[in-house]
Amino acid sequence: MTVTDLVSYDDALATYDPVMGLEVHVELGTKTKMFCGCSTELKQDANSQTCPTCLGLPGALPVVNEIGVESAIKIGLALHCEIAEWCRFARKNYFYPDMPKNFQTSQYDEPIAYNGYLDVQLEDGEVFRVEIERAHMEEDTGKSTHVGGATGRIHGASHSLLDYNRAGIPLIEIVTKPIEGAGERAPEVAKAYVAELRELIKALGVSEARMEQGQMRCDVNLSLRPKGAEKFGTRSETKNVNSLRSVERAARFEIQRHAAVLSSGGTIVQETRHFHEEDGSTTAGRIKDNAEDYRYFPEPDLVPVAPAREWVEKLRAELPELPRVRRNRLREEWGVTEHDMQSILNAGAVDPIVQTIDAGAPADQARKWWMGELARRANEGGVDLAALPITPAQVARVCALVAEGSLNDKLARQTIEGVLAGEGSPDEVVAARGLAVVSDEGALGTAVDEAIAANAAIADKIRAGKIAAAGALVGAVMKATRGQADAARVRELILERLGAEG
Amino acid sequence: MPGITREEVAHLARLARLELKDEELDHFAGQLDDIIGAVARVSDVADEDVPPTSHPLPLTNVMRPDEVRPSLTPQEALSGAPAQEQQRFKVPQILGED
């Protein structure tokens with residue numbers, strides 16, 4: 001592997017203008033594959049979800065999955081695309097054992113959706129419009145395991161093993177038009193675009209779009225041209241960049257690498273490149289020469305798809321509020337900053353907070369619990385917030401108990417701890433653990449009297465007007481009641497008994 | 001109508017992973033040229049108002065509901081495989097050189 005020279009990012013941008021093209025593959029969340037009834041469930045026994053169709057056995061005939069087409073139309077509509085009146089599938093022919101048919105069923109010059117855009121919002125609030133070239137339907141490939149080489153790499157492997165459970169799972173490939181004019185913000189735009197697309201796909205309910213599970217994958221095409229030039233430079237295509245952070249890093253790296261090659265008088269080779277998570281670099285893959293000739297032709301075994309306009313309009317009418325619009329609306333309703341909203345989004349807390357508010361909790365309380373205690377617990381356990389064993393309705397119940405004075409902050413935390421530990425609903429935890437605030441004035445009064453008697457010196461200071469010293473007595477009472485007193489009420493009682501003004 | 005060249009036949013043979021000898025290339029180039037010439041006559045008959053046909057039946061939108069149907073067992077799926085290992089299809093080395 002040759003060491004790649006880079007120029008600094010600022011120097012690269014001083015001379016060159018980056019142009020990007022992003023290709024995103026989304027694995028749909030259908031129950032079955034695109035062209036056969038095999039299950040798409042993940043992590044099953046190798047080759048336990050195949051049939052003559054997805055294995056490409058002679059005589060087997062594919063039939064398209066209705067939900068696959070519907071999902072493609074929904075994605076197209078959400079991206080403001082036109083939906084084809086009539087389109088066909090095509091065979092993309094190639095020899096590689098990840099497809100047992102020796103071709104991938106895809107769409108070529110007749111994508112189901114084309115000419116759209118997605119507005120993405122950068123962290124400072126600036127909105128950048130990314131134009132969409134097309135979104136088309138195709139199928140995923142099987143999973144290869146390379147044996148005999150170093151660390152499972154294809155290079156040096158003696159042979160490979162194929163599991164075709166994934167072969168045939170519906171994919172939608174979404175391709176942008178060349179993204180121009182982003183300048184130094186190009187890597188940021190790339191990341192924001194993929195993030196926004198992921199939110200959109202999730203909001204549409206067509207896929208969970210988990211990048212870490214390969215349900216959403218991104219290829220980053222990038223080229224540089226001298227500033228002021230019209231003509232695009234030669235591009236490189238960095239394949240399978242599978243996290244938001246990596247998308248940004250890959251774009252940034254390629255800008256610096258291209259600039260180094262061009263500045264030293266070299267030429268960029270049109271090739272695919274592999275991204276390396278460890279250091280954010282890319283290395284050369286295969287050169288895209290004319291050997292890449294897929295001999296596309298219309299798939300004779302599948303009849304054309306001609307979505308009825310009534311169907312398309314019905315799907316359009318059912319589209320959910322777009323994520324960016326919804327986020328901005330919620331941000332205003334909750335009265336939080338752009339930055340805080342970003343944190344909420346990153347934590348996966350938007351939906352839990354909304355549901356908690358819907359269950360009756362005030363927005364600030366809902367936010368406090370999900371972004372505080374619960375986010376911490378999810379982080380510790382390495383799980384998603386939504387996967388915590390507590391429901392938004394239960395969090396709302398805890399908020400209600402605090403609001404009515406039955407719980408204080410500390411007890412509320414213990415209640416949530418109990419719910420997370422599987423001890424039941426908030427009310428059950430409160431009853432079982434005896435967590436209710438001591439509101440019996442008699443019991444509280446006794447505890448206050450005892451604290452005053454045990455701390456005569458402090459009591460004298462308070463009598464003399466040093467109100468701040470009351471904190472120590474409040475602490476003593478809270479300790480005596482094992483934290484189950486309402487601290488504000490305790491303070492009032494102390495000051496009352498010592499004749500001091502709060 | 002332009003015919004098919006020997007170089008194009010060699011290119012197609014490579015894409016199809018067919019190893020053809022020099023004399024075979026000459027032989028097939030001539031044959032394919034005849035075939036393409038014959039098929040090209042369709043274009044003479046079909047006017048501009050006749051769209052290219054990919055599907056002979058006037059059918060569209062043949063779809064199936066998204067319902068799981070039984071798959072083959074792994075044993076059945078692998079029954080025709082020339083070689084297998086770890087319940088997977090075993091294929092020869094993919095990258096020979098470099």
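By the naming in an unreviewed UniProt entry, chain B is Aspartyl/glutamyl-tRNA(Asn/Gln) amidotransferase subunit C, taken from Streptomyces varsoviensis. One UniProt comment on chain B, placed under Sequence similarities (unreviewed entry), says "Belongs to the GatC family." According to the UniProt record, the Subunit (unreviewed entry) comment for chain B reads "Heterotrimer of A, B and C subunits."

Under the annotation held in an unreviewed UniProt entry, chain A carries the name Aspartyl/glutamyl-tRNA(Asn/Gln) amidotransferase subunit B and is attributed to Streptomyces varsoviensis. According to the UniProt record, the Subunit (unreviewed entry) comment for chain A reads "Heterotrimer of A, B and C subunits."

### Concerning the overall build of chain A
Counting its secondary structure elements, chain A contains 17 helices and 15 strands. Burial status across chain A gives 42% buried among its 502 residues. Contacts in chain A between residues at least 24 apart in sequence constitute 68% of all its contacts with a sequence separation of at least 6.

### Topic: the interface of chain A and chain B
Taken together, the 41 residues of chain A in the interface contact 31 residues of chain B. Among the secondary structure elements, those contributing two or more residues to the side of chain A that touches chain B are strand S2 (64-65), helix H2 (66-78) and strand S9 (159-163) of chain A. Here the side of chain A that touches chain B takes 5 residues from S9(A), the largest share from any one element. Residues of the side of chain A that touches chain B, tallied by class, amount to 20 nonpolar, 14 polar and 7 charged. Examined bridge by bridge, S2(A) and strand S1 (residues 63-64) of chain B share 2 bridges and lie parallel to one another. Opposite A:Val64, over in S1(B), you have B:Met63 as the bridge partner.

### With respect to the domain arrangement of chain A
It is common to report an interface's size as the accessible area lost on association of the parts. Residues and elements named next belong to chain A. Here the domain parsing of chain A yields domain 1 (9-312), domain 2 (321-433) and domain 3 (441-497). Inter-centroid distance (C-alpha atoms) of domain 1 to domain 2 is 36 Å. At the interface, 9 residues of domain 1 touch 5 residues of domain 2. For the side of domain 1 that touches domain 2, the secondary-structure elements that each account for two or more residues are strand S6 (113-121) and helix H3 (186-204). With 4 residues, the top contributor of residues to the side of domain 1 that touches domain 2 is H3. When grouped by side-chain class, the residues that make up the side of domain 1 that touches domain 2 number 3 nonpolar, 2 polar and 4 charged.

### Digging into H2(A)
Residue and element names in this part refer to chain A. Between its first and last C-alpha atoms H2 spans 18 Å; for 13 residues at 1.5 Å apiece the expected length is 18 Å, and the two agree. Extensive coverage of H2 is indicated by the burial of 10 of its 13 residues. Taken together, the buried positions of H2 are Ile-67, Gly-68, Ser-71, Ala-72, Ile-73, Lys-74, Ile-75, Gly-76, Leu-77 and Ala-78. Residue His-80 follows H2 closely and has a positive phi angle near 60 degrees.

### Thoughts on the sheet that holds strand S8 (residues 143-147) of chain A
Strands sit in the order S8(A)-S9(A)-S3(B)-S2(B) across an open sheet of 4 strands; the sheet is antiparallel. Every other strand in the sheet has two partners, leaving S8 of chain A together with strand S2 (84-85) of chain B as the edge strands with one partner each. As defined by bridge partners, S8(A) adjoins S9(A) across 5 bridges and the pair is classed as antiparallel. By the bridge assignment, A:Val147 is partnered in S9(A) with A:His159.

### Re the packing of H2(A) against H3(A)
Residues and elements named next belong to chain A. Two numbers describe how H2 lies on H3: the axes approach to 10 Å, and their chain directions differ by 130 degrees. One element, H2, and the other, H3, form an angle in the oblique class. Crossing of H2 against H3: the hand is right-handed. Counted together, Lys-74, Ile-75 and Ala-78 of H2 and Leu-200, Ile-201 and Leu-204 of H3 form the full contact between these two elements. Class assignment of the residues belonging to the contact of H2 with H3 gives a composition of 5 nonpolar, no polar and 1 charged.

Basis of the calculations
Residues numbered from 1 in each chain as written. Chains lettered and ligands numbered in written order. Predicted model: local features only at pLDDT ≥ 70, side-chain atom pairs only at ≥ 80, totals over all residues. UniProt positions renumbered as here; feature names shortened; annotations may be inferred. Helix = DSSP H or I, 4+ residues; strand = E, 2+ residues; numbered from the N terminus. Buried ≥ 20, exposed ≤ 12 C-beta atoms within 10 Å, placed from the backbone. Contact = placed C-beta atoms within 7 Å. Nonpolar A, V, L, I, M, F, W, Y, C, P; charged D, E, K, R; others polar. Pairing = 2+ DSSP bridges. Domains from an automatic or database assignment. Expected span 1.5 Å × (residues − 1). Axes fitted to C-alpha atoms, helices over the stretch in contact; angles between N-to-C directions. Parallel < 35°, antiparallel > 145°, perpendicular 65-115°, else oblique. Left-handed = near helix turned anticlockwise from the far one by under 90°.

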